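Examination of the molecular architecture
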Amino acid sequence: MSFVTGAAMRSLEEAAFARGVSAEALMDLAGEGIAERLIEQFSRPGSAIGYVGKGNNGGDALVALRHLREAGWRIAIRAAFPEEEWGELPRRKLRDLAIAPEIDVPRHKGSGPFLLLDGLLGIGAKGALRGPVAAMAEEMATLRQNHGAVVAAMDLPSGLDADTGSGEAVIADLTLPVGVAKMGIASPNGVLRCGRVVLVPLKDLPLPDDSFLKFFCPEAFPGLLEPRAHGFHKGDAGRAGILAGSPGMTGAAVICTSAALHAGAGLVTLHVEGDFPPHLLSAMPPEVMVRPSPDPVKEAFEARHDALVIGPGTGHASQHYHASLLEFLASDERPIILDADALNQIAKAGRLDLLKSNHVITPHPGEFARLAPELAGESAVTACGAFVQKHGCTLLLKGARTLVAKSGQAIRFNPTGHAGMASGGQGDALSGVIGTLLAQGAESTDAASLGAWLCGRAGERSLANGPIATASDTIRHLGGAIDDWRQRRR
Ligand SMILES: NC(=O)C1=CN([C@@H]2O[C@H](COP(=O)(O)OP(=O)(O)OC[C@H]3O[C@@H](n4cnc5c(N)ncnc54)[C@H](O)[C@@H]3O)[C@@H](O)[C@H]2O)[C@@H](O)CC1
Ligand SMILES: [K+]
């Protein structure tokens, strides 16, 4: 599913109108879809306040409020303008609700979540927020900052340019793009202001599939992660060989192997140097086969693994380990994921020529800067595109929103995950999951983007227990994330 510009979105709507779909029907679908998604995000109803401007974006918020009220939420409206100045459609939606906008700043009464629906501006936003719209945006920001309110943006955070993503827009916790994600959401400023992005597909809107940037979600990529046949055996589930951990960084090996197991690998083997502390080996999941050796890299490459994961926590391994890694990489054609210290070694040795189409690399921005210093200052989307034009591997660039790129394919934007996951170990878990998917035969960009989606979703599932998700939390919730993908839960 492509990202679109504001103008392309208007054309899609026009095409739907030409087929006889009414603007009101689209708005009703949008508002209902938004409410459904919001209800899924919270374990119980609370208070929801719709902040509405004059345009159709406010109409989306009003329809969503009606559905939230039916689901047991207390609702209220704050309007930036008197009703006489509103467009025809939002006025109709206000009449359906049969309540009047509040005069004063509302307070959160009762229990449950305190939700603000940002329906001030959508793709009709032009320039900086001004007048009463700016004042309402300020009010939402204060309630978010000081009163624990959660801001959910209808279509876009108000004031965000749909195409460029520029603008001192509302900062949302959750953005619900209507029909198709708008380009601005993937911009650096968009990523900072949108929070989690939960797409609301509209069945009456044809979905374009032609852009250089795609939104990675279950509807758009059917067929990945199919349920297992009854006769499935561990050989079908993939043999993952893992080169991870070194003295002082043994936890990376525990996390990476656990994640590989919980993602469904049939057999997981960890290859480590012989001086790996034995008491730490005992911290390893019992299902993992641990192979200490004077030459673990050689052993890993010579074993019958379907895929290799290389690099989490290997920074303190021996010189020989690093040197033989570069040597074996040059000739092995198996799917291999290269993370963390493996990437640092490649950058240090200036051996980017080793990166081939069977490799998935998963740098964070610091590691990426070491691999491609010439791309410093470029946006993540531009940098990914430029990098894969030069190198044949699949690139997964971590960040507030992870991107996956490979030459000749559209760049994929992963919408899952949240800032509470910003901690050491999450990358080790991600590489274990991707390693499993590669070992099971997934194509490299599918393995990388699905790995990112699953880990992000697992972290989101952990939000039920608080705002921080450690790598162990992510691993614990991987099974639920797999269910979510299969059941197309967003
Ligand atoms: N067109 C349709 O059929 C549908 C539209 N939908 C929703 O409608 C939105 C677009 O609606 P509209 O085209 O009515 O536009 P908006 O609701 O985005 O806003 C337009 C209004 O905002 C004012 N405005 C623009 N920039 C401003 C700024 N910087 N500061 C203060 N005021 C500003 C304009 O004067 C205009 O009155 C979409 O983003 C989506 O949420 C959905 O309901 C689906 C169907
Ligand atoms: K909005």
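Residues numbered from 1 in each chain as written. Chains lettered and ligands numbered in written order. Predicted model: local features only at pLDDT ≥ 70, side-chain atom pairs only at ≥ 80, totals over all residues. Heavy atoms only, no water.

Labelled according to an unreviewed UniProt entry, the protein chain appears under the name Bifunctional NAD(P)H-hydrate repair enzyme, originating from Luteolibacter luteus. Annotation of the protein chain in UniProt includes, under Subunit (unreviewed entry), the sentence "Homotetramer." (UniProt positions renumbered as here; feature names shortened; annotations may be inferred.)

Here the focus is helix α3 (residues 56–70). For α3, spanning 15 residues, the distance from its first C-alpha to its last is 22 Å, which sits close to the expected 21 Å at 1.5 Å a residue. Of all 15 residues that make up α3, twelve are buried, and the element is covered over most of its length. Those residues of α3 that fall on the buried side of the exposure criterion are Asn-57, Gly-58, Gly-59, Asp-60, Ala-61, Leu-62, Val-63, Ala-64, Leu-65, Arg-66, His-67 and Leu-68. Residue Gly-72 follows α3 closely and has a positive phi angle near 100°. (Helix = DSSP H or I, 4+ residues; strand = E, 2+ residues; numbered from the N terminus. Expected span 1.5 Å × (residues − 1). Buried < 20%, exposed > 50% of the residue type's maximum accessible area, 1.4 Å probe, protein only.)

The next thing to look at is the nonpolar core. Counting residues in each nonpolar core, the largest one holds 111 residues, and the members touching the most others are Leu-117, Phe-301, Leu-338 and Phe-387. Both domain 1 (6–211) and domain 2 (239–486) contribute no fewer than three residues apiece to this core. When sequence neighbours within four positions are dropped, the list of residues in contact with Leu-117 reads Leu-38, Ile-49, Gly-50, Tyr-51, Ala-61, Ala-64, Leu-65, Leu-68, Ala-152 and Met-154. Ala-260, Ala-447, Cys-455 and Trp-485 belong to the second largest nonpolar core, which has 49 residues in total. (Core = buried A, V, L, I, M, F, W, Y, C linked by side-chain atoms within 4.5 Å. Domains from an automatic or database assignment. Contact = heavy atoms within 4.5 Å.)

Okay, the UniProt feature "binding site: AMP" (unreviewed entry) in the protein chain next. The residues that UniProt annotates with the feature "binding site: AMP" (unreviewed entry) are Lys-398, Gly-399, Ala-400, Arg-401, Thr-402 and Gly-427. Look at the named residues: they lie 30 residues apart in sequence, but the longest C-alpha span between them is just 13.6 Å, so in the fold they bunch up. Counting through the fold element by element, Lys-398 comes out in the loop between β14 (394–397) and β15 (403–405). For Lys-398, a relative accessible area of 15% translates into the label buried. The residues touching Lys-398, leaving out its near neighbours within four places in the chain, are Asp-339, Thr-362, Pro-363, His-364, Pro-365, Gly-427 and Leu-430. At 3.3 Å, the side chain of Lys-398 and the side chain of Asp-339 are in polar contact. Secondary-structure assignment places Gly-427 in helix α14 (residues 426–439). Excluding residues that lie within four positions of it along the chain, Gly-427 makes contacts with Asp-339 and Lys-398. (Polar contact = N/O pair within 3.5 Å; in protein donor to acceptor, adjacent residues only side chain to side chain.)

A few words now on the coordination of the potassium ion (ligand 2). Looking at the potassium ion (ligand 2), one finds its protein donor set to be Asn-57 (OD1), Asp-118 (O), Leu-121 (O), Met-154 (O), Leu-156 (O) and Ser-158 (OG), positioned 2.6 to 3.1 Å from the metal centre. In this structure, the potassium ion (ligand 2) is surrounded by six donor atoms whose angles at the metal cover 67 to 170°, and the resulting shape is irregular. Here the donor residues of the potassium ion (ligand 2) are spaced in sequence according to N-x60-D-x2-L-x32-M-x1-L-x1-S. In this structure Leu-121 comes out as partly exposed when scored by relative accessible area, which is 22%. (Donors = N, O, S within 2.8 Å, 3.2 Å for Na, K, Ca; no water. Tetrahedral: all angles 85-135°; square planar, octahedral: opposite > 155°, others 65-115°.)

Spatially, β7-β16-β15-β14-β13-β12-β11-β8-β9-β10 is the arrangement adopted by the ten strands of the open sheet, whose pairing is mixed. The open sheet terminates on both sides in strands that have one partner only, identified here as β7 (213–215) and β10 (289–293). Direction aside, neighbouring strands of the sheet carry axes that sit 20° apart on average. Bridge count between strand β11 (residues 307–310) and strand β12 (residues 336–338): three bridges; the pairing is parallel. In the strand pairing of β12, Leu-308 is matched with Ile-336. Together, β13 (359–361), β14, β15 and β16 (411–413) form the strand contacts of helix α15 (residues 444–461), whose direction differs from that of β14 by roughly 15°. (Pairing = 2+ DSSP bridges. Axes fitted to C-alpha atoms, helices over the stretch in contact; angles between N-to-C directions.)

Moving on, we come to the side chain of Arg-412. Relative to the elements of secondary structure, Arg-412 occurs in strand β16. Take Arg-412: its relative accessible area is 11%, and that puts it in the buried class. A distance of 2.9 Å separates the side chain of Arg-412 from the side chain of Ser-449, its partner in a polar contact. Apart from residues no more than four positions distant in its own chain, Arg-412 is found in contact with Lys-214, Phe-216, Phe-221, Thr-402, Leu-403, Val-404, Thr-445, Asp-446 and Ser-449.

With that out of the way, let us pick up the packing of aromatic side chains. Following the criterion strictly, the structure yields nine aromatic pairs and no others. With a centroid separation of 5.2 Å and 75° between ring planes, the pair formed by Phe-3 and Phe-413 is classed as edge-to-face. Linking Phe-3 in the segment before α1 (6–18) with Phe-413 in strand β16, this pair joins segments that are 410 residues apart in sequence. Like Phe-413, Phe-3 is buried. Aromatic pair Phe-216 and Phe-221: ring centres 4.7 Å apart, planes at 40°, arrangement tilted. The exposure class assigned to Phe-221 is buried, which follows from its relative accessible area of 13%. When the ring centre of Phe-81 is taken as origin, the NZ or CZ atom of Lys-54, which lies over that ring, is 4.6 Å away. (Phe/Tyr/Trp six-rings, centres within 6.5 Å; stacked < 30°, edge-to-face > 60°. Lys NZ or Arg CZ within 6 Å of the ring centre and 35° of its normal.)

Looking at ligand 1, there are 23 residues lining it, with Asn-56, Asp-60, Gly-122, Lys-126 and Asp-155 nearest. A distance of 3.0 Å separates an oxygen atom of ligand 1 from a polar atom in the side chain of Arg-10. For ligand 1, a nitrogen atom lies 3.0 Å from a polar atom in the side chain of Glu-13. Contact with the protein chains removes 85% of the 870 Å² of surface that ligand 1 exposes when unbound. At a threshold of 2 Å from the grid points, most atoms of ligand 1 map onto the second largest pocket. Of all the secondary-structure elements, those providing two or more residues to the shell around ligand 1 are α1, α2 (23–41) and α3. In terms of residue class, the shell around ligand 1 is built from ten nonpolar, six polar and seven charged. (Near = heavy atom within 4 Å. Areas by Shrake-Rupley, 256 points an atom, 1.4 Å probe, with all protein chains shown as cover. 1 Å grid on protein atoms, 1.4 Å probe; cavity = no way out; pocket = protein on both sides within 12 Å on 5 of 7 lines; lining within 4 Å. Sits in = over half its atoms within 2 Å of the grid points. Nonpolar A, V, L, I, M, F, W, Y, C, P; charged D, E, K, R; others polar.)

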